[in-house]
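Listed below, chain by chain, are the residues.
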Amino acid sequence: MDGTLDHVMIRVEDLEESLDWYQTHLNYEEKGRWEADTFTNVFLGPEDVHEDGALLELTYNHDGRTYEIGDAWGHIAVRVPEDALQESYDQLMAEGVEDYRDPESCGNRYAFVTDPDGHEIEIVKRDHGAKWSIDHTMIRVEDADEALGYWTRKFEYTEVPGRWEADSFSNYFVAPEDAPDEAMKVELTYNYDGREYTMGDGWGHVAVRVDDLNDAWDALMTREAPDYRDPASCDHNYAFTKDQDGHEVELVTRD
(Lines give C-alpha, C1' and ligand atoms only; values in the text may rest on other atoms or scores of the structure.)
Protein backbone atom coordinates (compact mmCIF):
# COMPACT_ATOMS: atom_id res chain seq x y z
CA MET A 1 0.00 0.00 0.00
CA ASP A 2 1.04 3.63 -0.49
CA GLY A 3 0.72 4.49 3.20
CA THR A 4 1.20 8.27 2.91
CA LEU A 5 -0.59 10.08 5.73
CA ASP A 6 -3.29 12.03 3.93
CA HIS A 7 -4.97 14.07 6.66
CA VAL A 8 -5.91 14.32 10.31
CA MET A 9 -9.52 14.98 11.30
CA ILE A 10 -10.74 17.01 14.26
CA ARG A 11 -14.32 17.85 15.26
CA VAL A 12 -15.32 21.46 15.80
CA GLU A 13 -18.36 23.06 17.42
CA ASP A 14 -18.50 26.24 15.31
CA LEU A 15 -17.35 25.74 11.74
CA GLU A 16 -17.14 29.40 10.78
CA GLU A 17 -15.16 30.26 13.91
CA SER A 18 -12.73 27.41 13.26
CA LEU A 19 -12.34 28.27 9.58
CA ASP A 20 -11.62 31.88 10.48
CA TRP A 21 -9.07 30.81 13.10
CA TYR A 22 -7.08 28.54 10.81
CA GLN A 23 -7.32 30.82 7.80
CA THR A 24 -6.35 33.92 9.78
CA HIS A 25 -3.62 32.57 12.04
CA LEU A 26 -2.10 29.69 10.03
CA ASN A 27 -2.88 31.18 6.62
CA TYR A 28 -4.67 28.00 5.57
CA GLU A 29 -6.89 27.87 2.53
CA GLU A 30 -9.81 25.60 1.77
CA LYS A 31 -8.70 22.60 -0.32
CA GLY A 32 -11.98 20.68 -0.43
CA ARG A 33 -15.42 20.42 1.14
CA TRP A 34 -18.07 17.74 1.55
CA GLU A 35 -21.57 18.89 2.44
CA ALA A 36 -23.92 16.20 3.74
CA ASP A 37 -27.36 16.43 5.31
CA THR A 38 -26.09 16.12 8.86
CA PHE A 39 -22.45 17.22 8.72
CA THR A 40 -19.87 19.23 6.80
CA ASN A 41 -16.22 18.29 6.20
CA VAL A 42 -13.72 20.97 5.17
CA PHE A 43 -10.10 20.25 4.22
CA LEU A 44 -7.50 22.94 4.88
CA GLY A 45 -3.79 23.49 4.32
CA PRO A 46 -1.19 26.05 3.28
CA GLU A 47 -1.37 27.33 -0.29
CA ASP A 48 1.95 25.70 -1.18
CA VAL A 49 1.51 22.43 0.71
CA HIS A 50 3.69 19.60 -0.65
CA GLU A 51 1.96 17.02 -2.86
CA ASP A 52 2.53 14.44 -0.11
CA GLY A 53 1.80 16.90 2.69
CA ALA A 54 -1.13 16.20 4.99
CA LEU A 55 -4.24 18.33 5.27
CA LEU A 56 -6.39 19.21 8.26
CA GLU A 57 -10.00 18.03 8.09
CA LEU A 58 -12.56 19.95 10.14
CA THR A 59 -15.76 18.01 10.80
CA TYR A 60 -18.82 19.98 11.85
CA ASN A 61 -21.97 18.11 12.85
CA HIS A 62 -25.17 20.08 12.34
CA ASP A 63 -26.90 18.96 15.53
CA GLY A 64 -25.08 21.35 17.86
CA ARG A 65 -23.30 18.66 19.87
CA THR A 66 -20.31 19.38 22.09
CA TYR A 67 -17.12 17.34 22.38
CA GLU A 68 -14.65 16.04 24.94
CA ILE A 69 -11.01 16.30 23.90
CA GLY A 70 -9.77 13.41 26.02
CA ASP A 71 -6.06 12.69 26.41
CA ALA A 72 -5.44 9.74 24.07
CA TRP A 73 -4.83 12.23 21.26
CA GLY A 74 -2.13 14.78 21.94
CA HIS A 75 -1.69 17.39 19.24
CA ILE A 76 -0.92 18.24 15.68
CA ALA A 77 2.43 19.93 15.03
CA VAL A 78 2.93 22.63 12.41
CA ARG A 79 6.23 23.81 10.96
CA VAL A 80 7.96 27.16 11.02
CA PRO A 81 11.49 27.95 9.77
CA GLU A 82 14.37 27.07 12.10
CA ASP A 83 15.02 30.71 13.02
CA ALA A 84 11.38 31.80 13.24
CA LEU A 85 9.92 30.08 16.31
CA GLN A 86 9.77 33.13 18.57
CA GLU A 87 8.76 35.43 15.72
CA SER A 88 5.95 33.10 14.69
CA TYR A 89 4.72 32.71 18.25
CA ASP A 90 4.80 36.47 18.80
CA GLN A 91 2.78 36.93 15.63
CA LEU A 92 0.09 34.57 16.94
CA MET A 93 0.02 36.36 20.29
CA ALA A 94 -0.37 39.72 18.54
CA GLU A 95 -3.33 38.28 16.64
CA GLY A 96 -5.04 37.29 19.88
CA VAL A 97 -4.28 33.56 19.97
CA GLU A 98 -4.35 32.12 23.50
CA ASP A 99 -0.94 31.96 25.23
CA TYR A 100 -0.63 28.28 26.13
CA ARG A 101 3.08 27.24 26.22
CA ASP A 102 5.54 29.83 24.94
CA PRO A 103 8.95 29.02 23.43
CA GLU A 104 10.86 29.93 26.60
CA SER A 105 8.83 27.48 28.68
CA CYS A 106 9.70 24.77 26.14
CA GLY A 107 13.44 25.41 26.07
CA ASN A 108 13.05 27.39 22.82
CA ARG A 109 12.71 24.08 20.98
CA TYR A 110 8.96 24.35 20.29
CA ALA A 111 5.80 26.03 21.55
CA PHE A 112 2.08 25.30 21.86
CA VAL A 113 -1.18 27.11 21.20
CA THR A 114 -4.78 25.88 21.22
CA ASP A 115 -7.54 26.36 18.65
CA PRO A 116 -11.09 27.52 19.55
CA ASP A 117 -12.12 23.99 20.58
CA GLY A 118 -9.05 23.31 22.71
CA HIS A 119 -7.12 21.13 20.27
CA GLU A 120 -3.42 21.53 21.03
CA ILE A 121 -1.16 22.72 18.22
CA GLU A 122 2.59 22.41 18.58
CA ILE A 123 4.86 24.77 16.66
CA VAL A 124 8.09 23.04 15.63
CA LYS A 125 11.24 24.28 13.91
CA ARG A 126 11.95 22.62 10.57
CA ASP A 127 14.19 23.31 7.58
CA HIS A 128 11.67 21.76 5.18
CA GLY A 129 8.00 22.13 4.29
CA ALA A 130 5.74 25.13 3.89
CA LYS A 131 5.26 27.36 6.91
CA TRP A 132 2.41 26.07 9.11
CA SER A 133 2.24 22.76 7.19
CA ILE A 134 1.52 19.71 9.35
CA ASP A 135 4.65 17.96 10.56
CA HIS A 136 3.16 15.21 12.71
CA THR A 137 0.19 14.07 14.74
CA MET A 138 0.88 12.89 18.28
CA ILE A 139 -1.09 10.09 19.93
CA ARG A 140 -0.56 8.55 23.36
CA VAL A 141 -0.14 4.80 23.61
CA GLU A 142 -0.26 2.43 26.56
CA ASP A 143 2.34 -0.07 25.25
CA ALA A 144 5.19 1.29 23.12
CA ASP A 145 6.28 -2.09 21.76
CA GLU A 146 2.74 -2.96 20.74
CA ALA A 147 2.22 0.45 19.13
CA LEU A 148 5.45 0.29 17.13
CA GLY A 149 4.55 -3.24 16.08
CA TYR A 150 1.11 -2.13 14.92
CA TRP A 151 2.41 0.54 12.56
CA THR A 152 5.27 -1.65 11.37
CA ARG A 153 3.23 -4.77 10.65
CA LYS A 154 -0.12 -3.33 9.60
CA PHE A 155 1.03 -0.35 7.51
CA GLU A 156 4.68 -1.21 6.74
CA TYR A 157 5.89 1.94 8.48
CA THR A 158 9.39 2.40 9.84
CA GLU A 159 10.68 4.41 12.76
CA VAL A 160 12.16 7.67 11.45
CA PRO A 161 14.60 10.09 13.14
CA GLY A 162 13.22 12.04 16.07
CA ARG A 163 13.10 9.49 18.91
CA TRP A 164 13.31 11.18 22.27
CA GLU A 165 13.99 9.10 25.40
CA ALA A 166 13.35 10.98 28.65
CA ASP A 167 13.26 9.88 32.28
CA SER A 168 9.49 9.45 32.37
CA PHE A 169 8.42 9.04 28.73
CA SER A 170 9.53 8.27 25.19
CA ASN A 171 8.48 9.69 21.83
CA TYR A 172 8.76 7.63 18.64
CA PHE A 173 8.06 8.82 15.10
CA VAL A 174 6.81 6.47 12.37
CA ALA A 175 6.11 6.97 8.66
CA PRO A 176 6.30 5.07 5.37
CA GLU A 177 9.90 4.12 4.61
CA ASP A 178 10.23 6.36 1.55
CA ALA A 179 8.08 9.26 2.77
CA PRO A 180 9.53 12.70 1.95
CA ASP A 181 10.42 15.01 4.82
CA GLU A 182 7.37 17.14 3.99
CA ALA A 183 4.96 14.27 4.69
CA MET A 184 3.22 13.98 8.04
CA LYS A 185 4.48 11.49 10.63
CA VAL A 186 2.76 9.81 13.55
CA GLU A 187 4.33 10.54 16.93
CA LEU A 188 3.77 7.80 19.50
CA THR A 189 4.10 9.05 23.08
CA TYR A 190 4.59 6.43 25.77
CA ASN A 191 4.58 7.41 29.44
CA TYR A 192 6.36 5.02 31.80
CA ASP A 193 3.91 5.29 34.68
CA GLY A 194 1.37 2.86 33.26
CA ARG A 195 -1.40 5.42 32.90
CA GLU A 196 -4.50 4.81 30.80
CA TYR A 197 -6.13 7.32 28.47
CA THR A 198 -9.57 8.61 27.59
CA MET A 199 -10.27 8.74 23.86
CA GLY A 200 -12.85 11.53 23.88
CA ASP A 201 -14.52 12.57 20.64
CA GLY A 202 -12.97 15.95 19.85
CA TRP A 203 -10.36 14.19 17.72
CA GLY A 204 -11.48 11.95 14.88
CA HIS A 205 -8.80 10.04 13.02
CA VAL A 206 -5.67 9.99 10.95
CA ALA A 207 -6.10 8.97 7.31
CA VAL A 208 -3.72 6.79 5.35
CA ARG A 209 -3.64 7.02 1.55
CA VAL A 210 -3.77 3.69 -0.30
CA ASP A 211 -3.52 2.77 -3.97
CA ASP A 212 -6.40 0.28 -3.98
CA LEU A 213 -8.94 0.37 -1.16
CA ASN A 214 -10.01 -3.27 -1.32
CA ASP A 215 -6.48 -4.62 -1.70
CA ALA A 216 -5.29 -2.52 1.24
CA TRP A 217 -8.22 -3.64 3.36
CA ASP A 218 -7.57 -7.30 2.55
CA ALA A 219 -3.91 -6.84 3.53
CA LEU A 220 -4.93 -5.28 6.86
CA MET A 221 -7.35 -8.13 7.57
CA THR A 222 -4.59 -10.66 6.80
CA ARG A 223 -2.38 -8.77 9.26
CA GLU A 224 -5.14 -8.99 11.87
CA ALA A 225 -6.03 -5.31 12.04
CA PRO A 226 -9.38 -4.57 13.71
CA ASP A 227 -12.34 -4.80 11.32
CA TYR A 228 -14.08 -1.55 12.27
CA ARG A 229 -15.78 -0.18 9.13
CA ASP A 230 -15.03 -2.15 5.98
CA PRO A 231 -15.17 -0.68 2.45
CA ALA A 232 -18.64 -2.10 1.74
CA SER A 233 -20.09 -0.37 4.83
CA CYS A 234 -18.67 2.93 3.53
CA ASP A 235 -19.97 2.58 -0.06
CA HIS A 236 -16.42 1.66 -1.12
CA ASN A 237 -15.34 5.28 -0.71
CA TYR A 238 -13.11 4.69 2.33
CA ALA A 239 -12.76 2.32 5.29
CA PHE A 240 -11.71 2.44 8.94
CA THR A 241 -9.63 0.33 11.27
CA LYS A 242 -8.26 1.08 14.74
CA ASP A 243 -4.89 0.82 16.40
CA GLN A 244 -4.24 -1.17 19.57
CA ASP A 245 -5.47 1.70 21.78
CA GLY A 246 -8.58 2.55 19.77
CA HIS A 247 -7.35 5.51 17.70
CA GLU A 248 -9.26 5.45 14.42
CA VAL A 249 -7.31 5.09 11.17
CA GLU A 250 -9.09 5.83 7.90
CA LEU A 251 -8.08 4.38 4.54
CA VAL A 252 -8.63 6.71 1.58
CA THR A 253 -7.72 6.74 -2.10
CA ARG A 254 -6.62 9.77 -4.08
CA ASP A 255 -6.50 10.34 -7.84
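Structure first, text after, so check above.
It should be emphasised that the depicted structure is a prediction, and the values quoted were computed from it without experimental measurement.

Asker: How should I be thinking about the nonpolar core in this particular structure?
Answerer: Side chains of a nonpolar character, in soluble globular proteins, are inclined to be buried together. Counting 55 residues, the largest nonpolar core has Y22, W151 and L188 as its most contacted members. If near-sequence neighbours (up to four positions away) are discounted, L188 is found in contact with I139, V141, A147, L148, W151, S170, N171, Y172 and V174.

Asker: Hey, could you run me through the packing of aromatic side chains in this one?
Answerer: The description of an aromatic ring pair rests on the distance of the ring centres and on the angle between the ring planes. Within the structure shown, the criterion is met by 16 aromatic pairs. On the numbers, 6.5 Å between centres and 90 degrees between planes, the contact of Y100 with F112 is edge-to-face. Of this pair, Y100 sits in the loop between α2 (85-94) and β6 (110-114) while F112 sits in strand β6, and the two are twelve residues apart along the sequence. Note on Y100: relative accessible area 36%, which makes it partly exposed. A ring pair is formed by W151 and Y157, whose centres lie 5.2 Å apart and whose planes are at 25 degrees; its orientation type is stacked. Taken as a pair, W151 and Y157 share a single burial class, namely buried. Three or more aromatic residues joined by ring pairs make a cluster, and in this case those are W34, F39, Y228, Y238 and F240.

Asker: Looking at this model, I keep getting lost on the pairing of strand β1 (residues 5-11). Mind explaining?
Answerer: For a regular strand, side chains alternate in direction, first toward one face of the sheet and then toward the other. For β1, a buried count of seven out of seven residues is recorded, marking the element as mostly surrounded by other parts of the structure. Pairing between β1 and strand β12 (residues 203-209): five bridges, direction antiparallel. Pairing of L5 across the sheet is with V208, part of β12. In the sheet, β1 pairs with strand β4 (residues 55-61) via five bridges, with the strands oriented parallel. Its bridge partner being in β4, R11 is matched across the sheet by T59.

Asker: I'm lost on the environment of D102 in this one. Help?
Answerer: Within the secondary structure layout, D102 lies in the loop between α2 and β6. Placed 17 residues apart in sequence, D102 and L85 show a C-alpha to C-alpha distance of 9.7 Å. Sequence-distant contacts of D102, that is, excluding residues within four places in its chain, are made with Y89, Y110 and A111.

Asker: Help me out: how do you make sense of the pattern of salt bridges in this one?
Answerer: Any two side chains of opposite charge can pair, on the condition that their charged atoms come close. Following the criterion strictly, the structure yields 14 salt bridges and no others. Of the charged contacts in the structure, one is a salt bridge between R209 and D6, with a shortest N-O distance of 3.1 Å. Separated by 203 residues along the polypeptide, R209 in strand β12 and D6 in strand β1 bring together distant segments of the chain. Look at R209 and you get buried, because its relative accessible area is 11%. The exposure class assigned to D6 is buried, which follows from its relative accessible area of 4%. The residue E159 makes a salt bridge to R163 at a minimum N-O spacing of 2.6 Å.

Asker: Before we go on, may I ask you to explain the sheet that holds β4 in this structure?
Answerer: In a beta sheet, neighbouring strands pair by backbone hydrogen bonds and run either parallel or antiparallel. Pairing is mixed across the open sheet formed by seven strands, whose spatial order is β2-β3-β4-β1-β12-β14-β13. What marks the edges here is a single partner per strand, and that holds for β2 (29-35) and β13 (238-242). When the angles between neighbouring strand axes are averaged without regard to direction, this sheet yields 25 degrees. Sheet topology note: the β12/strand β14 (residues 248-252) ladder contains five bridges and is parallel. Across the sheet, residue R209 finds its bridge partner in β14, namely V252. In the packing of helix α3 (residues 144-155) onto the sheet, the strands contacted are β12, β13 and β14, and the crossing angle to β14 comes to about 20 degrees.

Reading guide: rules and limits
Sequence order sets the numbering: in each chain, residues are counted from 1 along the sequence as written. Reporting of local features is limited, given that this is a predicted model, to residues whose pLDDT is at least 70; pairs of side-chain atoms are given and counted only at 80 or more, and all residues count toward the totals for whole chains, interfaces and linings. Side-chain metrics in this entry use all non-hydrogen atoms of the structure; hydrogen atoms and water are not considered. Buried residues of nine kinds, namely Ala, Val, Leu, Ile, Met, Phe, Trp, Tyr and Cys, make up a nonpolar core once their side-chain atoms join them within 4.5 Å. Classification of residues uses two cut-offs on accessible area relative to the type maximum, computed with a 1.4 Å probe and protein chains only: under 20% is buried, over 50% is exposed, and between them is partly exposed. What makes two residues a contact is simply this: any of their non-hydrogen atoms within 4.5 Å. Geometry of aromatic contacts follows a simple scheme: Phe, Tyr and Trp rings, the Trp one being its six-membered ring, pair when their centres are within 6.5 Å, and the pair is stacked under 30 degrees between planes, edge-to-face over 60, tilted otherwise. Elements are defined by DSSP. Helices are runs of H or I of four residues or more, strands are runs of E of two residues or more, and each kind is numbered from the N terminus. Note on pairing: two strands pair once DSSP finds at least 2 bridges between them. Just to be clear on terms, a salt bridge is a Lys or Arg side-chain nitrogen sitting within 4 Å of an Asp or Glu carboxyl oxygen. Each axis is a line fitted through C-alpha atoms, taken for helices only over the stretch in contact, and angles between the N-to-C directions span 0 to 180 degrees.

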